[in-house]
Amino acid sequence: MTDPASQESYPVPDPTIVDPCPATVRNGQCAPDGFTNNHHQQAKTPGQSETFTTGQEMKITDSVEGEGLLESSMRLKPHEAQNYRKKALWVSWVSIVVTLILAVAAFTVSFMRHSASAFGFAFDATLDVLSSVIVLWRYSNAAAVHSAHREYIACVVLGIVFVLSSLCILGKAIHDLATKMPPEVDDFLFSVSIVSGFTCAVLAVAKFMLGRVLTSRALITDGFNSMVGSVMGFSILISAEVFKHHADVWFLDGTIGVLIGLIILAYGVKLLKDMVPRVRQTRNYERFE
């Protein structure tokens, strides 16, 4: 018979749940399960805040981009990122089809009615098609949804396209101002300007929203281009209506074309200045696990 006094009681260790993914979830490689989330939530002190301060968010962003990933890798779960990626692809396809039709119509109006604003819009619509194609390439690889290197390459290409397009728009507008060429007004011009203005505005909103969620500068740039297209569409209507009642203000159409060209040029230069160094910094992190 065993002596009860000789039996020593040993404390039973608490079972702990080992986190199978101790590192921070990045690029959709390790999704946290329910056990892991509960474990981390219980480990927090009652007074600990669930949200990050601005300084902490900046540190996280710098750290993530330093490893070749965008900030969206810290915010979105893998299935959420893929859902937003598919939405970005759908919006890009719709933008390509719609703006291609508008570009053909605007080029026709420009050459038939000698409108610098219509020519500028046609070029901007063509730019919108190209920028949407670049966004399609950007999100064509499902594994690269958070790739900073791929994002920055897309932005550099967009910057180059912006600069080239702005030069063409400026050249056409300055030529019309120098030759004092007034625009002709008709119902077709009004129809193109109204349709293009509203359509590009809707596309711009959709691209801005997706770009904000995916922290994508390329999508936001594409949205900016659609917004410029919307402004140029309405500017055709305004300049034509003003010229219809005040023929002495023939220069308004060309002036708007110059302003739009300068805006696109400035944005393109700024984009190249910001993104070219980042492409060099992240070229060693081009890994799409």
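Everything discussed here concerns the structure shown above.
Residues numbered from 1 in each chain as written. Predicted model: local features only at pLDDT ≥ 70, side-chain atom pairs only at ≥ 80, totals over all residues. Heavy atoms only, no water.

**Description of the overall build of the chain**
Consideration 1: For the chain, the count of helices and strands is nine helices and zero strands.
Consideration 2: Starting at the N terminus and walking to the C terminus, you meet the elements of the chain as α-α-α-α-α-α-α-α-α.
Consideration 3: Of all 289 residues assigned to the chain, the portion counted as buried reaches 42%.
Consideration 4: Considering only intrachain contacts with a sequence separation of at least 6, the fraction spanning at least 24 residues in the chain is 80%.
Consideration 5: Within the structure as shown, the chain displays about 15700 Å² of accessible surface, and the carbon and sulfur contribution to it stands at 65%. (Helix = DSSP H or I, 4+ residues; strand = E, 2+ residues; numbered from the N terminus. Buried < 20%, exposed > 50% of the residue type's maximum accessible area, 1.4 Å probe, protein only. Contact = heavy atoms within 4.5 Å. Areas by Shrake-Rupley, 256 points an atom, 1.4 Å probe, with all protein chains shown as cover.)

**Here's the deal with unusual backbone geometry**
Consideration 1: For T215, which is not a glycine, the phi torsion comes out positive at approximately 45 degrees.
Consideration 2: Note that T215 resides in the loop between α7 (187-213) and α8 (217-245).

**Points about the packing of helix α6 (residues 148-178) against α8**
Consideration 1: As a packed pair, α6 and α8 sit with axes 8 Å apart at the nearest point and diverge in direction by 25 degrees. As the angle between them shows, α6 and α8 are arranged roughly parallel. On the side of α6, the interface is formed by E151, A154, C155, L158 and F162, while α8 contributes R217, A218, T221, F224 and N225.
Consideration 2: Grouping the constituent residues of the contact of α6 with α8 by class yields six nonpolar, two polar and two charged. (Axes fitted to C-alpha atoms, helices over the stretch in contact; angles between N-to-C directions. Parallel < 35°, antiparallel > 145°, perpendicular 65-115°, else oblique. Nonpolar A, V, L, I, M, F, W, Y, C, P; charged D, E, K, R; others polar.)

**Observations regarding the packing of aromatic side chains**
Consideration 1: Applying the stated criterion to the full structure yields five aromatic pairs.
Consideration 2: Here the aromatic rings of F198 and F234 are separated by 5.3 Å at their centres, their planes lie at 85 degrees, and the arrangement is edge-to-face. Taken together, the residues F198 in helix α7 and F234 in helix α8 connect sequence positions 36 residues apart.
Consideration 3: On the basis of relative accessibility, which here comes to 28%, the residue F234 falls in the partly exposed class.
Consideration 4: Among the aromatic residues, those joined into a cluster by ring pairs are F162, F224 and Y267.
Consideration 5: Across from the ring centre of Y139, 4.4 Å away, lies the NZ or CZ of R138, which sits over that ring.
Consideration 6: We note R150 situated over the ring of W137; from NZ or CZ to the ring centre the distance is 4.2 Å. (Phe/Tyr/Trp six-rings, centres within 6.5 Å; stacked < 30°, edge-to-face > 60°. Lys NZ or Arg CZ within 6 Å of the ring centre and 35° of its normal.)

**Examining the environment of L262**
Consideration 1: Structurally, the position occupied by L262 is in helix α9 (residues 252-282).
Consideration 2: Spatially, the C-alpha atoms of L262 and V163 are 9.4 Å apart, while their sequence positions differ by 99 residues.

**Observations concerning the packing of α8 against α9**
The geometry of a pair of packed helices is captured by two quantities: the angle between their axes and the separation between those axes.
Consideration 1: Here α8 crosses α9 at 170 degrees, and the two axes come no closer than 9 Å. It follows that α8 is roughly antiparallel to α9 by the angle criterion. Every residue of α9 that contacts α8 at R217, T221, F224, V228, V231, M232, S235, S239 and V242 is listed here: L252, D253, I256, I260, I263, I264, Y267, L271, D274 and M275.

**Here's the deal with the side chain of S92**
Consideration 1: Mapped onto the secondary structure, S92 falls in helix α4 (residues 78-113).
Consideration 2: S92 sits in the buried class, given a relative accessible area of 1%.
Consideration 3: Apart from the residues lying within four places of it in its own chain, the contact partners of S92 are S132, V135 and L136.

**Quick look at α9**
Consideration 1: Given a rise of 1.5 Å per residue, 31 residues ought to cover 45 Å, and the 45 Å separating the end C-alpha atoms of α9 matches this to within 8%.
Consideration 2: Where α9 bends most, the angle comes to about 25 degrees, and this point is M275, followed within four residues by the proline P277. (Expected span 1.5 Å × (residues − 1). Bend = angle between axes of the 7 residues up to and from the residue.)

**Considerations on α6**
Consideration 1: For α6, spanning 31 residues, the distance from its first C-alpha to its last is 44 Å, which sits close to the expected 45 Å at 1.5 Å a residue.
Consideration 2: One or two steps after α6, the chain reaches K180, where phi turns positive at roughly 55 degrees.

**Quick look at the side chain of D128**
Consideration 1: Tracing the sequence through the fold places D128 in helix α5 (residues 116-138).
Consideration 2: Of note is the side chain of D128, whose polar atom sits 3.0 Å from the side chain of K207.
Consideration 3: The contacts of D128, once residues within four sequence positions are left out, are S95, T99, K207, D222, N225 and S226. (Polar contact = N/O pair within 3.5 Å; in protein donor to acceptor, adjacent residues only side chain to side chain.)

**Describing the nonpolar core**
Consideration 1: Among the nonpolar cores identified, the biggest contains 31 residues, and F121 and I264 are the most heavily contacted of them.
Consideration 2: Sorting the residues of this core by element identifies α4, α5, α6, α8 and α9 as the ones contributing at least two each.
Consideration 3: If one sorts the elements of this core by residue count, α6 sits on top with nine residues.
Consideration 4: Not counting residues up to four positions away in its chain, the partners in contact with F121 are L102, A106, S196, C200, G229, M232, G233 and I236. (Core = buried A, V, L, I, M, F, W, Y, C linked by side-chain atoms within 4.5 Å.)

**Structural notes on the environment of V135**
Consideration 1: With respect to the element layout, V135 can be found in helix α5.
Consideration 2: The class of V135 is buried, set by a relative accessible area of 1%.
Consideration 3: Residues V135 and V91, 44 residues apart in the sequence, show an inter-C-alpha distance of 9.8 Å.
Consideration 4: Residues within four places of V135 in sequence aside, it is in contact with S92, A218, L219 and D222.

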